[in-house]
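Inside the fold
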Amino acid sequence: MNRTRLLATGLVLSGLLGLVDVISLPFGDGEHPPFVVAVVGAVLGLITLVGAVLAWRGSRAGAVAVIVTRLLSGLSAVPAFFADDVPGALVGAVAFALLVTLAGVALVASALRTRAVTEG
């Protein structure tokens, strides 16, 4: 898999989000997000980081891991929009993170799609 600028940008965005997921685990209060959600997010973040490194080196499986883990991480944040006790600033941060997540996933996925088209 060729590392284009779009792929590199998607991997950097996704890697930064994965890093935030891992680093934020000890800073939660156990309620926002709930501890279990924070642990799952940290695990997904760690897998994202490993996948990003592998994808940076040309691994298609690494790129797929980045896409899957970022989408799962994004899905785990969606309840923040519907829970009554989530502070407004946190809802805004979640919305921003979801937009960046979708951008990163789209950029990484486009690199996979490009390879599939050129091989076919």
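Residues numbered from 1 in each chain as written. Predicted model: local features only at pLDDT ≥ 70, side-chain atom pairs only at ≥ 80, totals over all residues. Heavy atoms only, no water.

1. A closer look at the overall build of the chain
In terms of helices and strands, the chain carries four helices and zero strands. Taking 2.2 N^0.38 as the reference for a compact globule, 120 residues should give roughly 14 Å; the C-alpha atoms of the chain span a radius of gyration of 15 Å, in line with that estimate. Expressed as a percentage of its 120 residues, the buried residues of the chain come to 32%. Sequence separation of 24 or more characterises 72% of the internal contacts of the chain that already satisfy a separation of 6 or more. Here the chain displays about 7100 Å² of accessible surface, and carbon together with sulfur accounts for 73% of that area. When the 7 positive and 6 negative side-chain charges of the chain are each reduced to one mean point, those points stand 27 Å apart. (Helix = DSSP H or I, 4+ residues; strand = E, 2+ residues; numbered from the N terminus. Rg over C-alpha atoms; globule rule 2.2 N^0.38 Å. Buried < 20%, exposed > 50% of the residue type's maximum accessible area, 1.4 Å probe, protein only. Contact = heavy atoms within 4.5 Å. Areas by Shrake-Rupley, 256 points an atom, 1.4 Å probe, with all protein chains shown as cover. Lys, Arg positive; Asp, Glu negative; His and termini not counted. Charge placed at Lys NZ, Arg CZ, Asp CG, Glu CD.)

2. Some details on the confidence of the model for the chain
Taken as a whole, the chain shows an average pLDDT of 88; of its residues, 91% reach a score of 70 or greater. Mean pLDDT across the secondary structure elements of the chain bottoms out at helix α4 (residues 88-119), with 84, and peaks at helix α1 (residues 5-23), with 95. (pLDDT = per-residue confidence, 0-100.)

3. Considerations on the nonpolar core
Listed in full, the eleven residues of the largest apolar core are L7, L11, A52, A55, A63, V66, I67, V105, V108, A111 and L112. The set of elements that each furnish at least two residues to this core consists of α1, α2 (35-56), α3 (60-77) and α4. Per element, the largest residue contribution to this core is four residues, and it comes from α4. Not counting residues up to four positions away in its chain, the partners in contact with A52 are L11 and V66. (Core = buried A, V, L, I, M, F, W, Y, C linked by side-chain atoms within 4.5 Å.)

4. Quick word on a nonpolar patch on the surface
Taken together, the side chains of V64, V68, L72, L75, V78, F81 and F82 make up a nonpolar region of the molecular surface, amounting to roughly 640 Å² of accessible area. Of note, V78 is situated in the loop between α3 and α4. (Patch = residues over 30% accessible without salt bridge, like charges linked within 9 Å, V, L, I, M, F, W, Y side chains within 5 Å. Salt bridge = Lys/Arg side-chain N within 4 Å of Asp/Glu carboxyl O.)

5. Some points on the packing of α2 against α3
Relative to each other, α2 and α3 sit at 160°, their axes nearing to 8 Å. Judged by the angle between their axes, α2 and α3 are roughly antiparallel. As α2 packs across α3, the resulting crossing turns out to be left-handed. The residues of α3 that touch α2, namely those facing V37, L44, G45, I47, T48, G51, A52, L54 and A55, are G62, A63, A65, V66, T69, R70, L72, S73 and S76. Looking at the contact of α2 with α3 residue by residue, the classes come out as ten nonpolar, seven polar and one charged. (Axes fitted to C-alpha atoms, helices over the stretch in contact; angles between N-to-C directions. Parallel < 35°, antiparallel > 145°, perpendicular 65-115°, else oblique. Left-handed = near helix turned anticlockwise from the far one by under 90°. Nonpolar A, V, L, I, M, F, W, Y, C, P; charged D, E, K, R; others polar.)

6. What to know about the environment of L54
Position of L54 among the secondary structure elements: in helix α2. With relative accessibility at 38%, the residue L54 sits in the partly exposed group. A C-alpha to C-alpha distance of 9.4 Å links L54 and A65, two positions eleven residues apart in sequence. In this structure L54 touches S59 and G62, once residues within four positions along its chain are discounted.

7. Things to note about the pattern of salt bridges
Scanning the entire structure with this criterion turns up one salt bridge. Put simply, R70 and D21 hold a salt bridge, and the shortest N to O gap is 2.6 Å. One end of the pair, R70, is in helix α3; the other, D21, is in helix α1, with 49 residues separating them in the sequence.

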